[in-house]
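The primary structure of each chain is shown beneath.
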Amino acid sequence: MEVENRYVTLKNQLERDEEPKESDFEFKNTTISLASLNCDEVIVQNLYVSIDPYQINRMKKQSSSHKAINFAFALSPGQAIDAYGVGRVVASTNSRFEKDDLVAGLLGWEEYSSIQGEFKLSFLRKLETTMDLPLSHQVGVLGLSGLTAYGGFYNVGRPKKGDKVFVSAASGSVGNLVGQYAKLSGCYVVGSAGNKQKVQMLKDKLGFDDAFNYKDESDLTSTLQRYFPDGIDVYFDNVGSEMLEAAIVNMNTFGRVVVCGVMSEYTDETKRATPNMMDVIYKRLSIQGFLAADHMKDYAEFTSVTSDYIRNAKLHVLEDISVGLESVPSALVGIFRGDNIGKKMVQIV
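Every value quoted in this text rests on a predicted model; they were computed, and no experiment measured them.

Asks: Let's hear about the overall build of the protein: which residues, and what values?
Replies: When helices and strands are counted, the protein shows ten helices and 15 strands. Its C-alpha atoms give the protein a radius of gyration of 20 Å, within 12% of the compact-globule value 20 Å for 349 residues. Roughly 15200 Å² of accessible area belongs to the protein as shown, and the carbon and sulfur atoms make up 47% of that amount. Between the averaged position of the 37 positive side-chain charges in the protein and that of its 45 negative side-chain charges there is a distance of 3 Å.

Rendered as structure tokens:
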């Protein structure tokens, strides 16, 4: 028995500051045999796959991220693109997984994924069939995006009740959750976003104390002074560039800068941040980058706490779902245009 597999791949690697285009991708087909699996191989039919901005760094000819961690390695033209997702096992020679198990892990932008090797198998986890929450939540709010928000905010940001918290790209997959965790922790929270609709959503639906459209502001340092007259204790940075520079100026002594992403720098290296290091020194600021993988030890706690928040309507889930494998390229390109609100994913089946 075999299945026909269609997958998304790169036509050519991108230059260092090149924005992705739909024409950079193409679709290819291959056949996967279900009758002759390797030892400990698992074949998964993909149901939902995550669309994340960090993937652009893997698509570049050169990026310092390529050698940092296993899942950041460079992609080659013609290669299947692995990505976090959820799916259903259709065949397995691994004792941990059986046919029809629902699983989450590093799958791919494709209809079926072959999971083998210690690294990918270690990330693959079985989902409870009695789940009372939508399966799509396992890709976003209860997946790596949620863990990024939870681990970054609590472990790196180390918030205290009453802290003043600023979140950039606050309507994105991670930022919207950080802001909600901060409010649930008794913090004052302001977020930035890229249009009026997103700003209103942050305030009216997610309960941010305030929010602003950064595109309407000509002087971000003055803007943050206006929203934080008493300074910023925790800045959760998703964009880098001028926003990071302005936040550093407005940080309080012993403030914590949680560096999750540099969205504005991924496609324009001229926007690389140059923070005032004198402020960093004399305010004794902590600036720390991190990855979701750093906080896997907290995964059970994170999913338990977050699931309870969702069930008790204390946390709103924002999902932006496109349908069909063909929509993967446009979904990724849309992220860099700021089209998405919340977690961007594609439903394959």
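Asks: Pulling in residues and values, what's your account of the nonpolar core?
Replies: In terms of nonpolar packing, the biggest core is built from 45 residues, with F153, V165, Y181, L202 and F236 touching the most fellow members. Setting aside residues up to four positions removed in sequence, F236 forms contacts with T148, A149, G152, F153, F166, V167, S168, V174, V178, V258, C260 and F290.

Asks: Account for a nonpolar patch on the surface, with residues named and values stated.
Replies: Residues M278, I281 and Y282 make up a contiguous nonpolar surface patch of about 380 Å² in total accessible area. Looking at where I281 falls in the secondary structure, it is placed in helix α8 (residues 277-282).

Asks: Tell me about the pairing of strand β9 (residues 188-193), and name the residues and values.
Replies: Most of β9 sits out of view: five of its six residues are buried. Sheet analysis places strand β8 (residues 164-167) next to β9, joined by four bridges and oriented parallel. Looking at the pairing, F166 lines up with V190 of β9. Between β8 and its parallel partner β9, the chain crosses via helix α4 (residues 175-184), and the hand of that crossover is right-handed. Sheet topology note: the β9/strand β10 (residues 210-213) ladder contains four bridges and is parallel.

Asks: How would you explain the packing of helix α6 (residues 220-227) against helix α7 (residues 241-250) if you had to name every residue and give the values?
Replies: In a pair of packed helices, the angle between the axes and the distance between the axes together describe the arrangement. Close contact between α6 and α7 brings their axes to 8 Å; oriented N to C, the two are set at 45°. The angle between the axes of α6 and α7 places the two elements in the oblique class. The way α6 lies across α7 gives a crossing that is right-handed. For the pair α6 and α7, the contacting residues are L220, T221, L224 and Q225 in the first and E242, M243, A246, A247, V249 and N250 in the second. Among the residues making up the contact of α6 with α7, the classes are represented as six nonpolar, three polar and one charged.

Asks: Go over the environment of K271 with me, naming the residues and quoting the values.
Replies: On the secondary structure map, K271 appears in the loop between β12 (251-259) and α8. The sequence separation of K271 and F228 amounts to 43 residues, and the corresponding C-alpha distance is 24 Å. Each residue touching K271, except ones within four places of it in the same chain, is listed here: S241, S264 and E265.

Asks: Please set out the environment of D210 residue by residue, giving values where relevant.
Replies: Position of D210 relative to the elements: it lies in strand β10. A residue is classified by how much of its surface remains accessible, and D210, at 22% relative accessible area, is partly exposed. On a C-alpha basis, the gap between D210 and Y54 in space is 28 Å, while along the polypeptide they are 156 residues apart. Look past the residues within four positions of D210 in its chain and what remains in contact with it is Y188, V189, V190, G191, K203 and Y227.

Asks: Quick one: what's the story with the layout of surface pockets, residue by residue and with numbers?
Replies: In this structure, the second largest pocket occupies an estimated 230 Å³ of space. In this structure, the second largest pocket is lined by 16 residues; those nearest its centre are A80, E110, S113, S114 and K120. Listing elements by their share of the lining of the second largest pocket, those giving two or more residues are β1 (2-10), β2 (25-33) and β6 (112-115). Of the residues contributing to the lining of the second largest pocket, the split by class is seven nonpolar, six polar and three charged.

Asks: Please provide a residue-by-residue account of the packing of helix α3 (residues 144-156) against helix α9 (residues 299-311), values included.
Replies: Between α3 and α9, the shortest axis-to-axis distance is 10 Å and the interhelical angle comes to 100°. Relative to α9, α3 is oriented roughly perpendicular. Where α3 abuts α9, its residues G146, L147 and Y150 lie against Y299, E301, F302, V305 and T306. Grouping the constituent residues of the contact of α3 with α9 by class yields five nonpolar, two polar and one charged.

How each quantity is defined
Residues numbered from 1 in each chain as written. Predicted model: local features only at pLDDT ≥ 70, side-chain atom pairs only at ≥ 80, totals over all residues. Heavy atoms only, no water. Helix = DSSP H or I, 4+ residues; strand = E, 2+ residues; numbered from the N terminus. Rg over C-alpha atoms; globule rule 2.2 N^0.38 Å. Areas by Shrake-Rupley, 256 points an atom, 1.4 Å probe, with all protein chains shown as cover. Lys, Arg positive; Asp, Glu negative; His and termini not counted. Charge placed at Lys NZ, Arg CZ, Asp CG, Glu CD. Core = buried A, V, L, I, M, F, W, Y, C linked by side-chain atoms within 4.5 Å. Buried < 20%, exposed > 50% of the residue type's maximum accessible area, 1.4 Å probe, protein only. Contact = heavy atoms within 4.5 Å. Patch = residues over 30% accessible without salt bridge, like charges linked within 9 Å, V, L, I, M, F, W, Y side chains within 5 Å. Salt bridge = Lys/Arg side-chain N within 4 Å of Asp/Glu carboxyl O. Pairing = 2+ DSSP bridges. Right-handed = clockwise from strand over helix to strand, strands pointing away. Axes fitted to C-alpha atoms, helices over the stretch in contact; angles between N-to-C directions. Parallel < 35°, antiparallel > 145°, perpendicular 65-115°, else oblique. Left-handed = near helix turned anticlockwise from the far one by under 90°. Nonpolar A, V, L, I, M, F, W, Y, C, P; charged D, E, K, R; others polar. 1 Å grid on protein atoms, 1.4 Å probe; cavity = no way out; pocket = protein on both sides within 12 Å on 5 of 7 lines; lining within 4 Å. Points joined across faces, edges and corners; volume = space filled by probe spheres on them.

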